[in-house]
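In case you want the letters, here they are:
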Amino acid sequence: MSGKGPLLALAVVALCGAALAAVGADASQAGGPFDAAIEKAQQRVVKLYGGSLGREKGYGSGIVVSADGKIVTTLSILLEGRTLRVVLPDGRRFPARIVARDQRRQLALLQVDAFELPYFELNGSVHLRPGDWLIAAANPFKVADGPEPVSVSLGVLSGRTSLAARRRAQDFPYNGPILLTDVIVATAGSAGGALVDADGNLVGLIGKAVISKQTNTWLNYALPVEEVAAFVQESSAEPGREVPKPSPRAKPDASRLNLGLRLFDVGGREPPPYVERVRPDSPAWHAGLRPNDLILSIDGQQVVTCADFREAVNKLRPGQRVPLVIKRREEVVTLELTLEEPSP
Amino acid sequence: MRCVPVSGMAFLCNDGKPFLRRHGRHGRATHCASTLRSPRSFLAIFAALACAPSLAAQASDAAGTVSQARLHEYQQQVFRAALRAVQPSIVRIDTIGGAQPVRRASPVGGGAAPGFRQADGPTTGLIWSADGYIITSSFNFIRDPSIITVTLHDGRRFVAKLIARDRPARLALLKIEAADLPVPRLLARDQLRPGQWALAAGCGHGSDTPAVSVGIVSAVDRMSGLAVQTDAKVSPANYGGPLFDLAGRVIGVCVPMGPGEDEIADAQWYDSGIGFAVDTDLVHSRVQRLKHGRDLQRGLMGVSLDTRAPVVGLTPREPVDQPPTDGLRIDAEPRGPAADAGLREGDVITRLDGIPVPRLPDLRRVLARKVAGDLLAVTYRRGESVRTAMLTLVSAEAFREPSATQPK
């Protein structure tokens, strides 16, 4: 991302300029429609400084989630340095200690000895629709120095999806729901910052910069506030909690539900689920599946690879009747598959 | 909450640039412009047309104007409505099989040329005709997939046939066997202006509804006139999807364009605030040709032109003759169509299809909208005489040296 940084930064500035000019031209000279939201967000986002290693920067952002100094940020190398310093929005500097880590969500809960801080309520993000305004408040490229308020950028909620991403060559452990935005937040130092709605309510925490497996692009996203709330709650119930990384998925057991079906799974990177063999009188046979069919979806869930198919099948229960969409020559055919009860 | 009445929006958006203060200009926009010159009256119209009654009552004063602090709420509703209007025409494309192309070696350094890998996720297309033609970007088929499926907004899924690709405009045409598909409303090129709102949407992130990005039209006539430029985020997540206005009318089809020679290199400009969409006029004319099933290639004349005119910031290595000011001088013996049409080294090309081409960008603009196989009228000056020749543009293939098959 190193070469891209300045370009992205320029883009952020350009977008804000355009959007604010658009709103500002007619809306008001005395104050913009987002003044209150921006002030609220800036009072609740902190700057973090810590260790650095190679390309991993030693700075970042965090959000205040309690009046007595609890801060949530993303896991990163900057937390692992000898010192971890927090600069509050009012300019005061505090050493911070790590209270809890969540390897799955890639979040950390920090504590500073400060009181009566303005903090974000951890409510919800479900009220947002694609196209709704969002404001990112964070410290990309640590351009906000000392007590300066963090940078704010304007954009919209693009949509929601679940994360399938990688960082460097590794799969990113979090694969839960995310908010997508068109604010460029995949920038150094933005992770841990706040994504707020037009009223300044926290709706998400800007996630670590990752590359989407779906698009091969840097992803501009945030963890929904609901995930942040769950993390804070779990950590408070059990201080010192360390949620380990989920173990690499065990190879799903396709034989658990016996479909009577073998896929043309010759290995290779990601083989598509072509049917190689169907056992006569099996559930697959009765559904009408035949060799050389390509399975497109099962129970409404799209499957692209053999692994997808196995995973989808393992979510089904014996006795269930599910639609199965296949491609046979140039036709898309919908079949119905009835899963048999497992034999004793 | 009631839906924003999209038909009402059309009036507003004929004018296009609702939030930016604008200057009355020529043409059809003028009557709107005069109405909208005052922010107060604009807000009143906006409230009357675009808002749910309850919200309007809450946020309007006695005079019926919108409280400025709530303006963004109405904007949000308009964005939502715009997406709703275009959404039925947006399709999700899934591809199966195929391989990443092997990148050409870079001419300098010998390493692989910088490239962008197309990912495994879904991509986006736009219904172009009710009988099943889908326009999308050629970027989505870099791997030459063996199977392409199209999923409609209503959930129906079809196997699609890739009819042809348009290499210069980075478009591709698909066909599915379906009828009565929802065709989007289109916005003609002459109705576009820099500054008007523009939204991009696409299925690339795999979400249930297309992911949307909001921006404005940055320029109408970029890339030698092939594309509209926008600061809405354009990326593999929405290549092939629509760029549309606040009424959900399609401005263009998002494509990767940039300084590179192909869609792979140009994808590197994704999400930069510099995005491109092929305008609907050009899409329309290209679809007519793509339907014949042949890929469209850049059309070449077979001339090498004197481009030694001084360039700002570059010092010429050798003394430059004063270049002709009314045309472009051919500086090497022409080949291919130009040679066949009788052009020679030293001729000065003054017009293409009757359009003056005093400089290279002028020539590029004429050629950009043409493809290999098109006829071109070349007017040139030789000495004192001015002549016009007709030639048929050819693709780069035609100039490939046969030496590859010949022993050296």
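Residues numbered from 1 in each chain as written. Chains lettered and ligands numbered in written order. Predicted model: local features only at pLDDT ≥ 70, side-chain atom pairs only at ≥ 80, totals over all residues. Heavy atoms only, no water.

Draft legend 1. Broad picture of the overall build of chain A. Secondary structure assignment for chain A yields 5 helices and 23 strands. Across the 344 residues of chain A, 52% fall into the buried class. Across chain A, contacts joining residues at least 24 apart in sequence account for 62% of those joining residues at least 6 apart. Carbon and sulfur atoms provide 52% of the accessible area of chain A, an area that totals close to 15,500 Å². (Helix = DSSP H or I, 4+ residues; strand = E, 2+ residues; numbered from the N terminus. Buried < 20%, exposed > 50% of the residue type's maximum accessible area, 1.4 Å probe, protein only. Contact = heavy atoms within 4.5 Å. Areas by Shrake-Rupley, 256 points an atom, 1.4 Å probe, with all protein chains shown as cover.)

Draft legend 2. Highlighting the pattern of salt bridges. One pass over the structure, following the stated rule, counts 29 salt bridges over all chains. The partner of Asp221 of chain B in a salt bridge is Arg189 of chain B, and the shortest N-O contact between them spans 2.4 Å. In this pair, Asp221 of chain B is assigned in strand S8 (residues 211–222) and Arg189 of chain B in the loop between strand S6 (171–175) and strand S7 (197–202), connecting sequence segments 32 residues apart. Within the structure, one salt-bridge network assembled from shared partners comprises Asp102, Arg104, Arg105, Glu227 and Glu234 of chain A. (Salt bridge = Lys/Arg side-chain N within 4 Å of Asp/Glu carboxyl O.)

Draft legend 3. Region of interest: the packing of aromatic side chains. Enumeration according to the criterion identifies 6 aromatic pairs over all chains in this entry. A ring pair is formed by Phe34 of chain A and Trp133 of chain A, whose centres lie 5.7 Å apart and whose planes are at 75 degrees; its orientation type is edge-to-face. Of this pair, Phe34 of chain A sits in the loop between helix H1 (5–27) and helix H2 (35–42) while Trp133 of chain A is found in strand S8 (residues 133–138), placing the two residues 99 residues apart along the sequence. Note on Trp133 of chain A: relative accessible area 2%, which makes it buried. Consider the rings of Trp133 of chain A and Phe79 of chain B, whose centres lie 5.2 Å apart with planes at 75 degrees: the pair is edge-to-face. Here Trp133 of chain A, found in strand S8, pairs with Phe79 of chain B, found in helix H5 (residues 71–86), and the two come from separate chains. (Phe/Tyr/Trp six-rings, centres within 6.5 Å; stacked < 30°, edge-to-face > 60°.)

Draft legend 4. Looking closely at H5 of chain B. Taking 1.5 Å of rise per residue, 16 residues should cover 22 Å, and H5 of chain B covers 23 Å from first to last C-alpha, within 8% of that figure. By the criterion of burial, H5 of chain B is predominantly enclosed, with 13 of the 16 residues buried. (Expected span 1.5 Å × (residues − 1).)

Draft legend 5. Broad picture of helix H3 (residues 225–237) of chain A. Taking 1.5 Å of rise per residue, the 13 residues of H3 of chain A would be expected to cover 18 Å, and the 18 Å separating its terminal C-alpha atoms lies within 8% of that figure. Listing the buried residues of H3 of chain A in full gives Val225, Glu227, Val228, Ala229, Phe231, Val232 and Ser235 of chain A.

Draft legend 6. Representation of the sheet that holds strand S12 (residues 177–181) of chain A in the model. Spatial strand order, S8-S9-S12-S16-S14-S13 (chain A): 6 strands in a closed barrel with antiparallel pairing. The average undirected angle you get between the axes of adjacent strands in this sheet is 45 degrees. (Pairing = 2+ DSSP bridges. Axes fitted to C-alpha atoms, helices over the stretch in contact; angles between N-to-C directions.)

Draft legend 7. The arrangement of the nonpolar core in detail. Ranked by internal contacts, the top residues of the largest apolar core, which has 77 residues, are Ile63, Val72 and Leu163 of chain A together with Ile135 of chain B. Examining the composition of this core, we find that 5 residues originate from one element, H5 of chain B, more than from any other. Excluding residues that lie within four positions of it along the chain, Ile135 of chain B makes contacts with Gly125, Leu126, Trp128, Leu171, Ala172, Leu173, Gly240, Val253, Val283 and Val287 of chain B. Core analysis: the second largest hydrophobic core is formed by 21 residues, Ala284, Phe309, Ala312 and Leu316 of chain A among them. (Core = buried A, V, L, I, M, F, W, Y, C linked by side-chain atoms within 4.5 Å.)

Draft legend 8. Examining the sheet that holds strand S1 (residues 45–49) of chain A more closely. Residue and element names in this part refer to chain A. Across the sheet, which stays open at both edges, the 8 strands sit in the order S5-S4-S1-S2-S3-S7-S6-S17 with mixed pairing between neighbours. If you trace the sheet from one side to the other, it starts and ends with strand S5 (93–95) and strand S17 (242–243), each paired once. When S1 meets strand S4 (residues 85–87), the two strands line up antiparallel, connected through 3 bridges. Residue Leu48 lies in a different strand from S4, and its bridge partner there is Val86. Those strands touched by H3 are strand S2 (59–64), strand S3 (70–74), strand S6 (97–102) and strand S7 (107–111), and its axis lies near 55 degrees from that of S7.

Draft legend 9. Molecular detail of the pairing of strand S12 (residues 275–279) of chain B. Residue and element names in this part refer to chain B. The buried count for S12 comes to 5 of 5 residues, which makes it a mostly enclosed element. Two strands pair when backbone bridges link them, and strand S9 (residues 227–230) and S12 are joined in this way by 4 bridges, in the antiparallel orientation. If you follow Gln229 over to S12, its bridge partner there is Phe276. As defined by bridge partners, strand S11 (residues 250–255) adjoins S12 across 4 bridges and the pair is classed as antiparallel. If you follow Val253 over to S12, its bridge partner there is Val278.

Draft legend 10. A look at unusual backbone geometry. All names here are of chain B. Unlike most non-glycine residues, Asp144 shows phi in positive territory, near 50 degrees. With respect to the secondary-structure elements, Asp144 resides in the loop between strand S3 (133–137) and strand S4 (147–151). Its identity as a non-glycine residue notwithstanding, Arg170 has a phi of 60 degrees, on the positive side. Counting through the fold element by element, Arg170 comes out in the loop between strand S5 (157–166) and S6.

Draft legend 11. Representation of the side chain of Asn139 of chain A within the structure. Residues and elements named next belong to chain A. The topology assignment puts Asn139 in the loop between S8 and strand S9 (151–162). Overall, Asn139 belongs to the buried group, its relative accessible area being 1%. Side-chain polar atoms of Asn139 contact the backbone nitrogen of Ala144, separated by 2.9 Å. (Polar contact = N/O pair within 3.5 Å; in protein donor to acceptor, adjacent residues only side chain to side chain.)

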